[in-house]
Amino acid sequence: MNGGTRIFSSLNGPSIEMDKNSINISPNNSIRLADILRVDLDKDVKDSSTVRILHYPLVKERRTRKEFSISLAPEEAMELQGAIKKAIALKPPPHRPRNSSKRLLVIVNPFSGQKKARDLWRDEAERVLSDGQWLCEVVETTHPGHAVEIAKNIDLDKYSGILVNSGDGLLSEVFTGILLRRDRARALKLPVGHLPGGTSNALASAICFACNESFSPRYGFMREAAVMAARPTYRPLRLFKAEVEGSGRVPMFMSTTWGLIADIDIESERFRWAGMIRLHIEAILIISQLPKKCKYRARISYIPVGDKELTRKTMLKYNAERHLFGKKHFNFETVEAYTGESQPSGQYSSIAEALSSSSAPCPAAPRLPPLDQPITSSAFTVLEGEYVFACLTSLSHLGSDLPYLPSAKLDEDDIFYLTLIDWSIIKHRLEVGALMITIDGSRHLSYPCFQVIPVRACRIEPLDGCGGNVAVDGEPKGKGKAFQVEALPMAATVIGREEVKR
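Residues numbered from 1 in each chain as written. Predicted model: local features only at pLDDT ≥ 70, side-chain atom pairs only at ≥ 80, totals over all residues. Heavy atoms only, no water.

## A word on the overall build of the chain
1) Next: Of the regular secondary structure elements, the chain holds 13 helices and 23 strands.
2) Next: Taking 2.2 N^0.38 as the reference for a compact globule, 502 residues should give roughly 23 Å; the C-alpha atoms of the chain span a radius of gyration of 24 Å, in line with that estimate.
3) Next: Projecting the C-alpha coordinates of the chain onto the three principal axes gives extents of approximately 85 × 50 × 45 Å.
4) Next: The buried share of the chain, taken over its 502 residues, is 55%.
5) Next: In the chain, of all internal contacts separated by at least 6 residues, the share reaching a separation of at least 24 is 76%. (Helix = DSSP H or I, 4+ residues; strand = E, 2+ residues; numbered from the N terminus. Rg over C-alpha atoms; globule rule 2.2 N^0.38 Å. Buried < 20%, exposed > 50% of the residue type's maximum accessible area, 1.4 Å probe, protein only. Contact = heavy atoms within 4.5 Å.)

Listed below in structure tokens is the structure:
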């Protein structure tokens, strides 16, 4: 051993060096420990044993299955295999299941992603998890709300985590089911992985971006997400409470949108056969009718964060050098293992009851009053005007091809972001169209009419019966409805990986 590096003498080539990050076979050939899913040992003859390494390195920005064999003397082979096994050993899931086996529940929506989710699981993800020696129990959803029922009733001691093979809608169901449990303090520690089998896949994209993992919005990234699930780290995901007029309180993990963005998302369902292109088709149709459409009047009340450094970061694009975000920007708090007392079984009678039992994360900050009561606190800033849209978001991506706010983090305590387009600043309706088609490169952040405000709470009240779709995590909640959002004092646990060094 030399300075933390271990050296092994190969029988058929140069010496093998292993440090805390990689196995170096030659100056131009190394295997990152973070990419290894499995290591086996074959005893060949009396004086020779072979260490077989199965790993998924990045090759042309895609995770690619590779095997590598190293012949060593038997004692050195056993030592190398042991060192690799120790380095890639699975950390115990933070909900601390009594069953220590590597078992996952995989929930598949067979109708997601133009009905391709099932094929993506079979062709891309299943083999990866088998390579990682995971046992996967697959359940296909059969009706809306099925995943809520699964999450409400899952045996926390039976599984190391849940994988959701679908779009963001099924994830919302899973988080809702977890919040409905009376033992949710522990259930929120259950790792949830997003296998991107839907159209938008915002959460999977945000996790990949936070981890610096490669992902392709055009060709999918099921394999990359599966490698994460096979070699997981556990990250907190802040949850929020949205209250919508006529719909009551619902959980939010991604965004609540009103106006153009929600109109495009919801109205484009008629073009679902077109996949992700459906959003572009609907955007063109709506924008061509501006300002007849999407000129909505509203009163917006919010508590600003007032952090200049935080505001500066909101202008950074997805392809900016990562150091510009700040040295520790993409770091995350470790999800602490559940150590509490045994909690009562059963569920809350409704999600409204479950959410009303939660207090604000920052007691010093003013709470939002119920939606039917006026805001009187002087801590709120109030705007009133005409807007194209408003979006309250907590993730960096609204879809795999929409790096909407790259500086947003998965868990930022009680901070989220109010983004809007103010009609009074727009020079011409074509400016809106140009802005919308540049989101895929984050160039929309440069438009003066696009405003980003870090907030701790926000209420939006459409005025004069102006309409505009409202959607929470992509689910429609009516038109022209008042709504408000604030953070919950709790975070779910999602599956990611250590930040990929490039």
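## Topic: the pairing of strand β12 (residues 161-166)
Within a regular beta strand, the side chains point alternately toward one face of the sheet and then the other, so they alternate between its two faces.
1) Next: When you tally the buried positions in β12, you get six out of six residues, the bulk of the element.
2) Next: Side chains Gly 161, Leu 163 and Asn 165 of β12 all project onto a buried face; the interleaved residues Ile 162, Val 164 and Ser 166 project onto the opposite face, where all are buried too.
3) Next: Where strand β10 (residues 103-108) and β12 come together, five bridges link them in parallel fashion. In the sheet register, Ile 107 faces β12, and the bridge partner there is Val 164.
4) Next: When β12 meets strand β13 (residues 191-196), the two strands line up parallel, connected through five bridges. Bridged to Ile 162 within β13 is Val 192. (Pairing = 2+ DSSP bridges.)

## What to know about the packing of helix α3 (residues 117-131) against helix α8 (residues 222-230)
1) Next: In the contact formed by α3 and α8, the axes pass within 8 Å of each other and the chain directions differ by 30°. In terms of orientation, α3 lies roughly parallel with respect to α8. Crossing geometry of α3 relative to α8 is assigned as right-handed. Taking contact as the criterion, the partners of Leu 120, Glu 124, Ala 125, Val 128 and Leu 129 in α3 are, on α8, Met 222, Arg 223, Ala 226, Val 227, Ala 229 and Ala 230. (Axes fitted to C-alpha atoms, helices over the stretch in contact; angles between N-to-C directions. Parallel < 35°, antiparallel > 145°, perpendicular 65-115°, else oblique. Left-handed = near helix turned anticlockwise from the far one by under 90°.)

## Description of the nonpolar core
1) Next: Core analysis: the largest hydrophobic core is formed by 56 residues, its most contacted members being Phe 389, Leu 418 and Met 436.
2) Next: The contact partners of Leu 418, leaving out residues within four places of it in the chain, are Ile 300, Tyr 302, Cys 391, Leu 392, Gln 451, Val 452, Ile 453, Val 455, Cys 458 and Ile 460. (Core = buried A, V, L, I, M, F, W, Y, C linked by side-chain atoms within 4.5 Å.)

## A short note on the environment of Leu 170
1) Next: Within the element layout of this structure, Leu 170 appears in helix α5 (residues 168-179).
2) Next: Among the residues examined, Leu 170 registers a relative accessible area of 7% and is labelled buried.
3) Next: C-alpha separation for the pair Leu 170 and Arg 182, spaced twelve residues apart in sequence, amounts to 21 Å.
4) Next: Among residues more than four places away in sequence, those in contact with Leu 170 are Ile 107, Asn 109, Thr 141, Ala 147 and Val 164.

## Some words on the sheet that holds strand β9 (residues 66-72)
1) Next: Taken together, three strands build an open sheet; the order of strands is β5-β6-β9 and the sheet is antiparallel. The open sheet is flanked by β5 (36-45) and β9, the only strands paired with a single partner. Each neighbouring strand pair of the sheet contributes to a mean axis angle of 20°, computed without reference to strand direction.
2) Next: Two strands pair when backbone bridges link them, and strand β6 (residues 48-55) and β9 are joined in this way by seven bridges, in the antiparallel orientation. For Ser 49, the partnering residue across the bridge sits in β9 and is Leu 72.
3) Next: Lying on the sheet, helix α1 (residues 74-87) is in contact with β5, β6 and β9; it crosses β5 at an angle near 170°.

## Quick notes on the pairing of β6
1) Next: Among the eight residues in β6, seven count as buried, and that is most of the element.
2) Next: The sheet contact formed by β5 and β6 spans eight bridges and is antiparallel. Bridging from a neighbouring strand, Asp 42 pairs with Thr 50 of β6.
3) Next: Linking β5 back to β6 in an antiparallel pair, the connection comprises two residues.

## Re the environment of Arg 297
1) Next: Mapped onto the secondary structure, Arg 297 falls in strand β17 (residues 296-304).
2) Next: Excluding its chain neighbours within four sequence positions, the residues that come into contact with Arg 297 are Trp 258, Glu 384, Gly 385, Glu 386, Glu 461, Pro 462, Leu 463, Asp 464 and Cys 466.
3) Next: At a separation of 3.5 Å, a polar atom in the side chain of Arg 297 contacts the side chain of Glu 384. (Polar contact = N/O pair within 3.5 Å; in protein donor to acceptor, adjacent residues only side chain to side chain.)

## Quick notes on the sheet that holds strand β2 (residues 16-18)
1) Next: Reading across the sheet, the four strands line up as β1-β2-β3-β4 and stay open at both edges, with antiparallel pairing between neighbours. What marks the edges here is a single partner per strand, and that holds for β1 (6-8) and β4 (29-32). Averaged over all adjacent pairs, the angle separating strand axes in this sheet is 20°, with direction ignored.
2) Next: Where strand β3 (residues 22-26) and β4 come together, four bridges link them in antiparallel fashion. Its bridge partner being in β4, Asn 24 is matched across the sheet by Ser 30.
3) Next: Sitting on the sheet, α1 touches β1, β2 and β3, and the angle it makes with β1 is about 140°.

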